[in-house]
Amino acid sequence: MTRAPYLSSRLQGFGTTVFAEMSALAVATGSINLGQGFPDYPGPPEVLDVARAAIGTAHDQYPPGPGIPELRSAVAEHVHRFGGHAYDPDAEILVTAGATEALTAALLALLEPGDEVVLFEPMYDSYAAGIAMAGGVARPVPLRPPASGTGPWTFDPAELRAAVTPRARLLLLNTPHNPTGKVFTRAELGTLAALAMEHELLVLTDEVYEHLVFTGSRHATLATVPGMRERTLVVGSAGKTFNVTGWKVGWICGPAPLVSAVRTAKQFLTYVNGGPFQPAVAAGLRLPGEYFAGIARDLEHRRDVLVEGLTAAGLPVVCPEATYFATVDVRPVQPDGDGLAFCRALPERAGVVAVPTVVFYSSEHAHLGRHLVRFAFCKSDAVLAEAVERLGRMG
């Protein structure tokens, strides 16, 4: 690996993301971008109209450091409505610049140099960078796809236990999981909780896809497992729930001492953000339950359209239980099993862009994801239909 000049040793190896490469490739070739996970259709007018009305008012100025009281109260109500557990909006909820800042601020606040973070891979790419910036060490545990292509991704409890050394400080969990679409079951959460309590680990759980869960699966948070609330920070976000990924409004909930620690780090990152968007997100969180059920049904339909098209194109799919993404095995159409090469050639072959799953792995386990590719289905009906048609003509 060539050393990047001027870049600190902590961030060597974290270059331009594959998302930037693939998005540029989509523009250059006129391809349909199913690589990056953002919807191309608007959010609910009940949310957008509040943001429009807030522009030009006092909401254009700095909001309070922890977030406006209205939004923190709405987060508390929302968590209680859907999760059944309570947080004090004044002491146990912090508004952040999206989930990524919440995660990074938590890692900066809680880790000492050399502390280890146990987490599953493939993993969202900011996790490893956030751990490195905090001076921590990632201890990844692989998730493995079902051998037959049907069923959930799984992990080996023995591999999980082996990853916990005396330097372990924190367990980082993403459920529903990007990029696999896995929803961790109650039994799996019980295994994780027992391990965290045995080794006195703090837990940071990324739940931004909490409402995008499909038929047959149910999301639960590790914070509701007995004994876990006092050691768990839960991260949420408006972006995926309300189709406003560019607003970058997220939050982190947990016991007051942990949230206070995160707030100390967060105040020196963005300080505050998204003034006019905060009342809009508060309105969104208070929408009727049917809205949240409806977005899951709608996305499940989009999943089915893409999965059917990918399967017809000869790409076996591990059907996701949640999120925006479907994973395929490219070996039937790419005999060498090189997912990165497949993605770089796909715009010319089919006019479609995807992301190689190998970029979501550490070098230690990269071989496990070499043949896998992730496609996003959070796109309009017309875009998905065109993508499926193009994939069907793939040469």
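Residues numbered from 1 in each chain as written. Predicted model: local features only at pLDDT ≥ 70, side-chain atom pairs only at ≥ 80, totals over all residues. Heavy atoms only, no water.

As recorded by an unreviewed UniProt entry, the protein carries the name Aminotransferase class I and II and is attributed to Geodermatophilus obscurus. Under Cofactor (unreviewed entry), UniProt gives the following word-for-word description of the protein: "pyridoxal 5'-phosphate". UniProt, in its Sequence similarities (unreviewed entry) section for the protein, records the words "Belongs to the class-I pyridoxal-phosphate-dependent aminotransferase family." (UniProt positions renumbered as here; feature names shortened; annotations may be inferred.)

With that out of the way, let us pick up the environment of Pro-347. Of note, Pro-347 is situated in helix 12 (residues 339-350). Distance in space between the C-alpha atoms of Pro-347 and Ser-31 is 5.9 Å, their sequence separation being 316 residues. (Helix = DSSP H or I, 4+ residues; strand = E, 2+ residues; numbered from the N terminus.)

Time to look at the nonpolar core. Among the nonpolar cores identified, the biggest contains 96 residues, and Leu-204 and Phe-375 are the most heavily contacted of them. Both domains that meet at this core, namely domain 1 (9-43 + 292-392) and domain 2 (45-289), each give it at least three residues. (Core = buried A, V, L, I, M, F, W, Y, C linked by side-chain atoms within 4.5 Å. Buried < 20%, exposed > 50% of the residue type's maximum accessible area, 1.4 Å probe, protein only. Domains from an automatic or database assignment.)

Another point: the sheet that holds strand 12 (residues 355-356). Backbone hydrogen bonds are what pair the strands of a sheet, in a parallel or an antiparallel way. Taken in spatial order, the four strands make up an open sheet running 9-10-13-12, and their pairing is antiparallel. Either end of the sheet is taken by a strand with one partner, and the two such strands are strand 9 (317-318) and strand 12. Contacting strand 12 and strand 13 (372-376), helix 12 runs over the sheet at an angle of about 40° to strand 13. (Pairing = 2+ DSSP bridges. Contact = heavy atoms within 4.5 Å. Axes fitted to C-alpha atoms, helices over the stretch in contact; angles between N-to-C directions.)

Take the sheet that holds strand 2 (residues 93-96) next. Ordered in space as 2-8-7-6-5-3-4, the seven strands form an open sheet in which the pairing is mixed. At either margin of the open sheet sits one strand with a lone partner, and together these are strand 2 and strand 4 (137-142). With direction set aside, neighbouring strand axes in the sheet form an average angle of 20°. Bridging between strand 7 (residues 232-237) and strand 8 (residues 250-253) involves four bridges; their strand directions are antiparallel. Residue pairing for strand 8: Val-234 is matched across the bridge by Cys-253.

This next bit is on the domain arrangement of the protein. By domain assignment, the protein separates into domain 1 (9-43 + 292-392) and domain 2 (45-289). Averaged C-alpha coordinates put domain 1 and domain 2 at centres separated by 24 Å. In this complex, domain 1 contributes 38 residues to the contact, which on the side of domain 2 involves 50 residues. Summing both sides of the interface, domain 1 and domain 2 together bury roughly 3500 Å²; the carbon and sulfur share of this comes to 63%. Contact with domain 2 buries area across many residues of domain 1, yet Phe-292, Glu-321 and Phe-360 alone supply 23% of it, more than any other trio. At the junction of domain 1 and domain 2, the tally comes to zero salt bridges. In this structure, the connection of domain 1 to domain 2 is made through 14 residue pairs in polar contact (both at pLDDT 80 or more). Secondary structure elements with two or more residues in the side of domain 1 that touches domain 2: helix 11 (289-312), strand 9, strand 10 (325-329) and strand 13. Take the side of domain 1 that touches domain 2: its biggest share by element is seven residues, from helix 11. (Buried area = accessible area lost by both parts, 1.4 Å probe. Salt bridge = Lys/Arg side-chain N within 4 Å of Asp/Glu carboxyl O. Polar contact = N/O pair within 3.5 Å; in protein donor to acceptor, adjacent residues only side chain to side chain.)

Time to look at a nonpolar patch on the surface. Residues Leu-108, Met-133 and Leu-269 make up a contiguous nonpolar surface patch of about 230 Å² in total accessible area. Along the chain, the position of Leu-108 falls in helix 4 (residues 98-110). In this structure Leu-108 comes out as partly exposed when scored by relative accessible area, which is 34%. (Patch = residues over 30% accessible without salt bridge, like charges linked within 9 Å, V, L, I, M, F, W, Y side chains within 5 Å. Areas by Shrake-Rupley, 256 points an atom, 1.4 Å probe, with all protein chains shown as cover.)

Its location among the elements puts Ser-31 in the loop between helix 1 (18-29) and strand 1 (32-33). Accessibility expressed as a relative area gives 12% for Ser-31, which makes it buried. In terms of polar contacts, Ser-31 uses its side chain to reach the side chain of Thr-29, at 2.6 Å. Among residues more than four places away in sequence, those in contact with Ser-31 are Ala-26, Pro-347, Gly-351, Val-352, Val-353 and Arg-390.

Let us look at the pattern of salt bridges. Proximity of charged atoms lets side chains of opposite charge pair with each other. A full pass over the atoms with the stated rule returns 20 salt bridges. The salt bridge partner of Arg-161 is Glu-198, with a shortest N-O separation of 3.1 Å. In this pair, Arg-161 is assigned in helix 6 (residues 157-163) and Glu-198 in helix 7 (residues 186-198), connecting sequence segments 37 residues apart. Overall, Glu-198 belongs to the partly exposed group, its relative accessible area being 49%. Residues joined in a network through salt bridges with shared partners are Asp-298, Arg-302 and Asp-381.

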